[in-house]
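Here are the chains, one letter per residue:
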Amino acid sequence: LMEPDKALNLLNGQLIEAGYILLKRDGFLTVYSLDDEIPPSLIPMVGPEDLLSLPSNALVTLRTQIENGDAAVLAKEIDLLISVFGGTDVLTESNTIYVTDVVRNLIKISAVTRIAEKDVFQRPMTVIKLNHTSADVVSAAINEFFGESAGVAGAAGRPANATRPGGIADTWSRSGILR
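Along each chain, residues carry numbers from 1 onward, in the same order as the chain's sequence is written. Predicted model: local features are reported for residues with pLDDT of at least 70 only, side-chain atom pairs are reported and counted for 80 or more only, and whole-chain, interface and lining totals are derived from all residues. To obtain the side-chain values, all non-hydrogen atoms of the structure were included, while hydrogens and water were left out.

1. Some remarks on the layout of surface pockets
Leftover empty space is mapped by rolling, across the atoms, a probe with the size of a water molecule.
For step 1, the next point in the chain: In this structure, the second largest pocket encloses a volume near 390 Å³.
For step 2, the next point in the chain: The wall of the second largest pocket is formed by 16 residues, among which E37, I38, I43, F85 and T100 lie closest to the centre.
For step 3, the next point in the chain: By residue number, the principal contributor to the lining of the second largest pocket is strand β5 (residues 87-91), which donates three residues.
For step 4, the next point in the chain: When the residues that make up the lining of the second largest pocket are grouped by side-chain class, the tally is seven nonpolar, five polar and four charged. A 1.4 Å probe that fits into a set of points on a 1 Å grid over the protein atoms alone but cannot get out defines a cavity; an open set with protein on both sides within 12 Å along at least five of seven lines defines a pocket, and lining residues are those with an atom within 4 Å of a point. Grid points are joined across faces, edges and corners, and a volume is the space filled by probe spheres set on the points. Strands are runs of DSSP state E lasting at least 2 residues, helices are runs of H or I lasting at least 4, and numbering of each runs from the N terminus. Classification used: nonpolar for Ala, Val, Leu, Ile, Met, Phe, Trp, Tyr, Cys and Pro, charged for Asp, Glu, Lys and Arg, polar for all others including Gly.

2. Thoughts on helix α1 (residues 4-18)
For step 1, the next point in the chain: In a regular helix each residue adds 1.5 Å, so 15 residues correspond to 21 Å; α1 covers 21 Å between its end C-alpha atoms and thus fits that length.
For step 2, the next point in the chain: Relative accessible area decides the class of each residue, using a 1.4 Å probe on protein chains only: under 20% of the type maximum gives buried, over 50% gives exposed, and in between gives partly exposed. Listed as buried for α1 are L8, N9, N12, G13 and I16.
For step 3, the next point in the chain: Contacts were defined at the residue level, with two residues in contact if any of their heavy atoms lie within 4.5 Å. Where the residues of α1 are buried, they touch β1 (20-25), β2 (28-33), β6 (96-102) and α3 (103-117). In this scheme, a helix's expected span is set at 1.5 Å multiplied by one less than its residue total.

3. Thoughts on the pattern of salt bridges
For step 1, the next point in the chain: For this analysis, a salt bridge means a side-chain nitrogen from Lys or Arg found within 4 Å of a carboxyl oxygen belonging to Asp or Glu. The tally for this structure, following the rule as stated, stands at two salt bridges.
For step 2, the next point in the chain: D26 serves as the salt-bridge partner of R25, at 3.9 Å between the closest nitrogen and oxygen.

4. A look at the nonpolar core
For step 1, the next point in the chain: In this structure, L51, V60, I78, I97, V99, L106 and I109 are the most contacted members of the largest nonpolar core, which totals 16 residues.
For step 2, the next point in the chain: Those elements that provide at least two residues to this core are β4 (59-65), α2 (71-78), β6 and α3.
For step 3, the next point in the chain: At four residues, the largest contribution of residues to this core is made by α2.
For step 4, the next point in the chain: Excluding residues that lie within four positions of it along the chain, V60 makes contacts with I43, P44, V46, L54, V99, T100, D101, V103 and L106.
For step 5, the next point in the chain: Within this scheme, the nonpolar core is defined by two criteria: the residues are buried Ala, Val, Leu, Ile, Met, Phe, Trp, Tyr or Cys, and they are joined through side-chain atoms within 4.5 Å. Core analysis: the second largest hydrophobic core is formed by ten residues, I21, L34, L42 and I43 among them.

Okay, here's the thing in structure tokens:
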């Protein structure tokens, strides 16, 4: 015998593929088309700490306040990760992002926002020993790929755009440092 929440999650997994979802309303289950706008009052709002305790196919809105960075910029990146029926809203004054999607997608999105919240110099770095090319050439190519100009330093010797990934050449050790 299956628990009701597990059964609802299983049904929603199949219905989502067909473009529908079952939502609880006033003690009843109601089917909604994902092509139509679902009333926001039917979609529960949760914080990142709640995601792992929710069914993977539940439709919820994730509320995340951004401490380091611009919520509007991060929302543009998050838009690339949400499903076709998901959506984002940004409150610029409070620097908060609201993302509506199924829980399984929101878990991934929450991980992205946690990484984005870290100062770039607190993120893990990888040192790559280069054998057949110059560190300057590789660093310039990486920085060009991420839209930075190579070798331009900002305050405290940090690259000018320290919020984006990029490469730093260490010509002495013939290594490249990826951040």
